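Listed below, chain by chain, are the residues.
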Amino acid sequence: MATQKRRYHPKKWAGVYVYETSDIFNGSPDLCFYITFKSGRRLIWEKVGKTSEGYGPDVAAEIRAERIKAIRHGEEVKTAREIRREQAERDKPFAEIADAYFDIKGPTLKGLTTDRNRYLKHLKPLFGKRSVSEITPQMVEELRMSLSERKAATLWNALELLRRIINFGLKTNRCPALRFQIEMPIKDNEVIEHLTPEETRAFLDTARTWPARDVGNMLLLAFFTGMRRGEIFKLRDEDVAFDLKLIRLRDPKGRKTLSIGMSALVEDLLRGQMEWRNESFPGSPFLFPGKDGDMRKDCSAVDRFRKQAGLPPKFRPFHGLRHHFAVSLANSGQFSMDMISEMLTHKNVDFTRKKYAQFLPETLAAASNAAAAILSAKR
C-alpha cells in the first residue's frame, strides 16, 4: 500500500510517478512505478512494476514513450491491465467453459447426462479451477493415473470430453488452443452386441405385441434396418419414398443426408406407423412423434421393454440392435464389408471392417483351413 505519491526526477523522467510501498527491498521501501499519458481526451494511468521486479524510472519512461509513439501513429493503445483483462476473457477457467458448453450444446448432445456426470466426477476436480493455458501434460497424466484401473473406454471417454470442451472454448473465443496434443488410448473393450436365436425370437414377439405401438415399431425398424435412434426420431413423411423404396436419413452421424433401401417388410411397418400416428398425433410431421407431436427426444420405455423381453441387462436396445443387424449380415456370408458399410452409412469401410470382420464366417473358415493345411503338411 502506498504511503506517499511524488514525481520521480520530474525533469528527467516526465510522466513517471513512484509509490513507496510497505514492502522492503534491499533494506529500503520497495518502489512501484506508474506512467501517465493521454489518449485523446482520456488520461491514462498505468502501473509498470516494482524495483523488486526489475523495473526502474528509465524502463518506465521507455514504456511511456512507446505508448505515446503508438498514439501518434493512430494505433490502439492498451494498458497492461487492459491487456490482462482481455487475456483473462480469452482464457477462462475450464469449469466456466464447461458450464457454457453444456448450456449451449446440451439440447443437441445425445449423452448429455452421461457427459455431465463424467465431467463432474473425473474432469472438474483436476481442471475446474485452471485456465486452459495452465493445463499441462502432467495434469493429463494425473487423470490417466486416476483411471488406470478402469476400462480403456472410460479413460478414452474422459479425455475425449476434455478435448471436446477445450475445442468448444477455442471456437467461442473463451480460451486459447491447448499447447500440446492429447494422446488417446486404444479402446480395446468395445462390446459388439448381438442376440442369440432365442433372444431374437423373444425380441420380435415382444416388439410386435408391445402396448405402445410406436415404441414397438421403432424397435422393429431399428432391428430390420440398423438405423440409429436419432435417425429414427428425425424421420418425417417426406423422408419415406414408397415409390422408390428408399428411406432418407437426415444428417446421419458424421455424414450429409443420404438414403438407405426399404424392404417390403419395412414398408408395411412404416405404413402401419403412419396410420397410428395420424390417429394419435394428427398433423405431426414426424413418423415417431414425441410429446405434443414434436420431434421425439428419448424413449424411456426401452428399459421396460428389455426386461419384458428377457434380454441381457447390458443390452442397449437401439445401439445393440444396430450391432445385431451388422453381425447378422456378416454372419450370413451374403454381404461384403462394402455392402454392410453402405447399409450402416459408415464414413468408410475400414471402420466397418475393424468392428465386424471377425464375424465373416467364410473368411475365418478359409483362414483356419489354410492354417491347418500348412501345419499338417509333411516335411
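In the block above lies the structure referred to throughout.
Residues numbered from 1 in each chain as written. Predicted model: local features only at pLDDT ≥ 70, side-chain atom pairs only at ≥ 80, totals over all residues. Heavy atoms only, no water.

Chemist: Which residues make up the packing of helix 3 (residues 94-105) against helix 6 (residues 152-171), and what are the values?
Modeler: Interhelical geometry of helix 3 versus helix 6 gives an angle of 85 degrees and a closest axis separation of 9 Å. Here helix 3 is positioned roughly perpendicular relative to helix 6, judged by the angle of their axes. Residues Phe94, Ile97, Ala98, Ala100, Tyr101, Ile104 and Lys105 of helix 3 pack against Leu161, Leu162, Arg164, Ile165, Ile166, Phe168 and Gly169 of helix 6. For the contact of helix 3 with helix 6, the class distribution of residues is 11 nonpolar, one polar and two charged. (Axes fitted to C-alpha atoms, helices over the stretch in contact; angles between N-to-C directions. Helix = DSSP H or I, 4+ residues; strand = E, 2+ residues; numbered from the N terminus. Parallel < 35°, antiparallel > 145°, perpendicular 65-115°, else oblique. Contact = heavy atoms within 4.5 Å. Nonpolar A, V, L, I, M, F, W, Y, C, P; charged D, E, K, R; others polar.)

Chemist: Lay out the sheet that holds strand 5 (residues 240-241) in plain terms, naming residues and giving numbers.
Modeler: Taking strand neighbours across the sheet as the criterion, the three strands line up as 5-6-7 in an open arrangement whose pairing is antiparallel. Of all strands in the sheet, those bounded by a partner on one side alone are strand 5 and strand 7 (258-261). As defined by bridge partners, strand 5 adjoins strand 6 (residues 246-249) across two bridges and the pair is classed as antiparallel. Looking at strand 6, one finds that alanine 241 is bridged to leucine 246. (Pairing = 2+ DSSP bridges.)

Chemist: I'd love a proper account of helix 14 (residues 349-356), names of residues and values included.
Modeler: Structurally, the α-helix is built with 3.6 residues per turn, so residues lying three or four positions apart point the same way. Those residues of helix 14 that sit buried are Val349, Thr352, Lys355 and Tyr356. Summarising the axial view, the buried residues of helix 14 lie within an arc of 130 degrees, below the 170-degree limit, and thus occupy one face. Residues Asp350 and Lys354 are exposed on helix 14 and point more than 90 degrees away from its buried face. Elements that come into contact with the buried residues of helix 14 comprise helix 12 (317-332) and helix 13 (337-344). (Buried < 20%, exposed > 50% of the residue type's maximum accessible area, 1.4 Å probe, protein only. Arc of directions from axis to C-beta.)

Chemist: Explain the pattern of salt bridges to me, and be specific about the residues and the numbers.
Modeler: Enumeration according to the criterion identifies 18 salt bridges in this entry. Across the pair arginine 296 and aspartate 214 runs a salt bridge, and its minimum N-O distance is 2.8 Å. Taken as a pair, arginine 296 in the loop between helix 10 (264-280) and helix 11 (302-309) and aspartate 214 in helix 8 (residues 213-225) lie far apart in primary sequence, 82 residues in all. Arginine 248 is the partner of aspartate 239 in a salt bridge, and the nearest nitrogen-oxygen pair spans 2.9 Å. Linked by salt bridges that have partners in common, Asp115, Arg118, Glu160 and Arg164 make up one network. (Salt bridge = Lys/Arg side-chain N within 4 Å of Asp/Glu carboxyl O.)

Spatial relationships are all this shows, so hold off on functional conclusions.
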